[in-house]
Structure formats: C-alpha cells, structure tokens
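Chains, contacts and geometry: an overview
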Amino acid sequence: MDVYTKFDLHIHSYASSKTKSGDQSIVAYSTIDNIAVLIEKLKENSVNVVAISDHNIFDKALYLALKQQEREVNCINKVLPGVEIDLIIHDRNVHVVCIFDDSLANHEEIIDKYFETKPSYTIDELGALLRKIGLSVVLIAHQKCDYASERPQKTSLSSAGKNEFLRFIGSEFFDALEIQNTKVEGILKSRFYDDHIENVNLVVGSDCHEWSCYPSHHNGITPNDLLFMKALPTFQGLVMAMTDNSRIYSDIEPRKENILPSIQISQDGKAISLPLSSKINVIIGDNSVGKSTIIKYLCSE
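Just so it is clear, the structure is predicted and the values come from calculations on it, not from any experiment.

**Re helix α5 (residues 162–170)**
Buried within α5 we find Glu-164, Phe-165, Phe-168 and Ile-169. For α5, the buried positions fall inside an angular range of 130° around the axis, keeping them on one side. Of the residues in α5, the exposed ones pointing more than 90 degrees away from the buried face are Asn-163 and Gly-170. Packed against the buried residues of α5 are β3 (78–89), α4 (123–133), β7 (176–179) and α6 (182–194). Positive backbone phi, at 55°, marks Glu-172, one or two positions downstream of α5.

Pasting the structure below:
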C-alpha cells in the first residue's frame, strides 16, 4: 500500500527567543500554553510528521507535550525531536535543521543534555556533539537561493562559497537542502543538471514562528507549500525518503483507482490477467505471441 506523508520539520517556538533576540516578537505566543493553537493548525493542514526545531536549543517539555498527539486520533502520526543550529563554515553562518531518531528510550533526555544556549558550532564541534548524542540524525541545510549567485542569501549553504557548497554536496554531508519556493527549486535543479550533480533532495519547511499563522512564517507572509514523502510516518521512513529523492513529492500521486491495474486477455479460450504497476511496465514474451497487438490496442491504433 502506498503511504504518503505530509511533513514539516521546521517549526519554531518561544524557545528560539532565548538564542535569537530578534525572534521575540513573532514567537511571543508560540508557547506550551498555546500548544492547542499549533495542534489545530497542523490538523487543518493535514500534517502527518512534524518537528519543532528551535535555534540552538531543545525544549523538552514542549516536545513531550506535542508528542502526546501520536496517541490521539488525528492526522499527526509522528513528532520528531529537532534543533536548528548555526553552523559556521568559512566564517559564514549556515542554518542546519537536525532531526533525531526518536526510537531510543529517553532520547529527549539525551538531546536536552547537549543543547543549551551555545550560539553556533564549527564543523568539528558539530561532529563531536553528534558523536556524544549518539542518535541517528538527518541534517538539512538551508539553500534558499541559486548556489552560483554572487550575492547568496545569508544562512544558505552557498553563502560559504560555491566551492564549499559543491564540496559538501559531493561528500553527501547533508541529507537534504531546504528551499523556500518552486522558483528556487527550478533554478537549483537546472544548476544540478549543468554541474552533473545527482540525487540531491530538496525539501520545504514552514519555518513558522507565529503558530496562529501556520503554515506562514508569521502574519502577512505567504506560506510555503509543504511536501509529501512516500514513506511511513517514522524516523526510518524519513531516512528512506532523504536517501531516495524519488520519494519526495509536491503533491500526492494519482491513486491506484485512476490507474489501469491489469490487462485481461483470452488465449485459446483461457482467461489471462496481466498485472500492471503504477509506474513503467514491460511486456515480454516469445515472437508472435501478441505483444505488439496488446500495445496497439492500448494505444488505440
């Protein structure tokens, strides 16, 4: 059975104001006391997998409160622990969303222990930190502009320079890049083709700070269109989608009932069913058994 999961791994809360003073006004009401507002917005938008990823800090109490929704009968199937860190690459501040495996007991205690209010990390510091935490993790770097631009958007991976961007992409250090809209998606895919870069996952997060305006960043901002992944709503499903870019969709594929499931033919008075998949099909057989006849019939020739 096909499972399509709508996901948002980039939502902020009031905790972000503890490390980013500029966020205080727009996260003022994004608190645990108002968590019902966020939950209703997530349900309105049919989000299945969600993560709160605050700036360089992990709010364990908020995470556990939201995680209770996994036990409720609604669309929220999985709440994953996350943190958005400031990663320093060539003196540039690159934002990276870290999503952790939630399958280990007391994982929230482990994450909470190591994320306090450190303002930024170097590559070496991040590596050391992840080794200490010891949980599987998905790393998603910001890339909200053309990586060949001479004036790249700050916090994007390409702000460290095109060569550094290509080095990190080539080494598969990051599991995906977070983009902002379809325009950037088109630009990046064209660049990837020209530079012979394959299998880079592009994902979208709401980056919501003001929960009452979800999925917008805050009031007055046009919301980003969230994506679907063809995988179970689990951390393992997320990893599968992040390592196979054919599993990420801007919309749900046509359902099986809209696809020809099989071809029914008769041979020597015997009924034969040829099952078909929803993707590419190949009909094989010996000479003169009717392969071309079937194709011509399907094409109405």
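**Digging into the nonpolar core**
Among the nonpolar cores identified, the biggest contains 72 residues, and Phe-115 and Leu-157 are the most heavily contacted of them. In this structure Phe-115 touches Asn-56, Ile-57, Phe-58, Val-83, Ile-85, Phe-100, Tyr-121, Leu-129 and Ile-133, once residues within four positions along its chain are discounted.

**Overview of the environment of Ser-250**
Structurally, Ser-250 is set in the loop between β10 (248–249) and β11 (262–267). Ser-250 sits 21 residues away from Met-229 along the chain, and the two C-alpha atoms are 8.7 Å apart. Ignoring any residue separated from it by four or fewer positions in sequence, one finds Ser-250 in contact with Leu-226, Leu-227 and Phe-228.

**Topic: the environment of Asp-146**
Turning to its location among the elements, Asp-146 is positioned in the loop between β6 (137–142) and α5. Distance from Asp-146 to Ile-99, taken between C-alpha atoms, is 25 Å for residues 47 residues apart in sequence. Those residues within four positions of Asp-146 in sequence are excluded, and the remaining contacts are Ser-158, Ile-187, Leu-188 and Arg-191. Of the polar contacts made by the side chain of Asp-146, one reaches the side chain of Arg-191; its length is 2.9 Å.

**Describing a nonpolar patch on the surface**
A surface patch of nonpolar side chains, amounting to about 490 Å² of accessible area, comprises Leu-260, Ile-283, Ile-295, Tyr-297 and Leu-298. Structurally, Leu-260 can be placed in the loop between β10 and β11.

**Section: the side chain of Asn-201**
Inspection of the secondary structure puts Asn-201 in the loop between α6 and β8 (202–204). On the accessibility criterion, Asn-201 (3% relative accessible area) is buried. Polar side-chain contacts of Asn-201 include one of 2.8 Å to the backbone oxygen of Ala-241. Apart from residues no more than four positions distant in its own chain, Asn-201 is found in contact with Asp-175, Ala-176, Leu-177, Ala-241, Met-242, Thr-243, Asp-244, Asn-245 and Ile-248.

Thresholds, definitions, all that
Residues numbered from 1 in each chain as written. Predicted model: local features only at pLDDT ≥ 70, side-chain atom pairs only at ≥ 80, totals over all residues. Heavy atoms only, no water. Buried < 20%, exposed > 50% of the residue type's maximum accessible area, 1.4 Å probe, protein only. Helix = DSSP H or I, 4+ residues; strand = E, 2+ residues; numbered from the N terminus. Arc of directions from axis to C-beta. Contact = heavy atoms within 4.5 Å. Core = buried A, V, L, I, M, F, W, Y, C linked by side-chain atoms within 4.5 Å. Polar contact = N/O pair within 3.5 Å; in protein donor to acceptor, adjacent residues only side chain to side chain. Patch = residues over 30% accessible without salt bridge, like charges linked within 9 Å, V, L, I, M, F, W, Y side chains within 5 Å. Areas by Shrake-Rupley, 256 points an atom, 1.4 Å probe, with all protein chains shown as cover. Salt bridge = Lys/Arg side-chain N within 4 Å of Asp/Glu carboxyl O.

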